[in-house]
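# Fold and geometry: a report
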Amino acid sequence: MTPVFSFLEQHLELTYIVILSIFLGVEVISRVPSVLHTPLMSGANAIHGVVIIGAIIVMGQASEENYLALILGFLAVILGTVNVVGGFVVTDRMLEMFKSKKSK
């Protein structure tokens, strides 16, 4: 636990920026109307493709003995893929609501 505290102490400005961005993000998201919530979240989930690419790069650069990097990279690929697919499924369901029904 000591290395974590020493890192936070050395990078105090970064810690403040992260904490303030968390509060700002909560405020911005809480003020989004529910009508816009689904399209914004599905678009944000699609951005997780960057997480997948980053995780693949981390796994490719990690040594074979670095099990932590390999496991975290694998989990990031799996969870990022689930998030991307879920975002596209939600978007597809949302767009289905706006299609006109064909009468028989």
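Quick caveat, the model's predicted, so the values are computed rather than measured. (Residues numbered from 1 in each chain as written. Predicted model: local features only at pLDDT ≥ 70, side-chain atom pairs only at ≥ 80, totals over all residues. Heavy atoms only, no water.)

On to the domain arrangement of the protein. Assigned domains within the protein: domain 1 (1-31) and domain 2 (33-104). Computed from C-alpha atoms alone, the centre-to-centre distance between domain 1 and domain 2 is 25 Å. (Domains from an automatic or database assignment.)

Attention now goes to the UniProt feature "transmembrane region" (unreviewed entry) in the protein. Those places that UniProt annotates as "transmembrane region" (unreviewed entry) correspond, in this numbering, to residues 14-32, 44-62 and 68-91. In the segment residues 14-32, helix accounts for 89% and strand for 0%; the C-alpha atoms at its two ends are 27 Å apart. (UniProt positions renumbered as here; feature names shortened; annotations may be inferred. Helix = DSSP H or I, 4+ residues; strand = E, 2+ residues; numbered from the N terminus.)

Quick look at the packing of helix 4 (residues 49-61) against helix 5 (residues 67-97) now. Two numbers describe how helix 4 lies on helix 5: the axes approach to 8 Å, and their chain directions differ by 160°. One element, helix 4, and the other, helix 5, form an angle in the roughly antiparallel class. By crossing handedness, the relation of helix 4 to helix 5 is classed as left-handed. Across the interface between the two elements, G49, V51, I52, A55, I56, V58 and M59 from helix 4 touch A69, L70, G73, F74, A76, V77, G80, T81 and V84 from helix 5. (Axes fitted to C-alpha atoms, helices over the stretch in contact; angles between N-to-C directions. Parallel < 35°, antiparallel > 145°, perpendicular 65-115°, else oblique. Left-handed = near helix turned anticlockwise from the far one by under 90°. Contact = heavy atoms within 4.5 Å.)

What the rule picks out here adds up to 1 salt bridge. Note that R31 and E27 form a salt bridge whose closest N and O atoms lie 3.0 Å from each other. (Salt bridge = Lys/Arg side-chain N within 4 Å of Asp/Glu carboxyl O.)

Attention shifts here to the confidence of the model for the protein. Model confidence for the protein is summarised by a mean pLDDT of 82, while 90% of its residues fall at 70 or above. Mean pLDDT across the secondary structure elements of the protein bottoms out at helix 3 (residues 34-46), with 68, and peaks at helix 2 (residues 12-30), with 87. (pLDDT = per-residue confidence, 0-100.)

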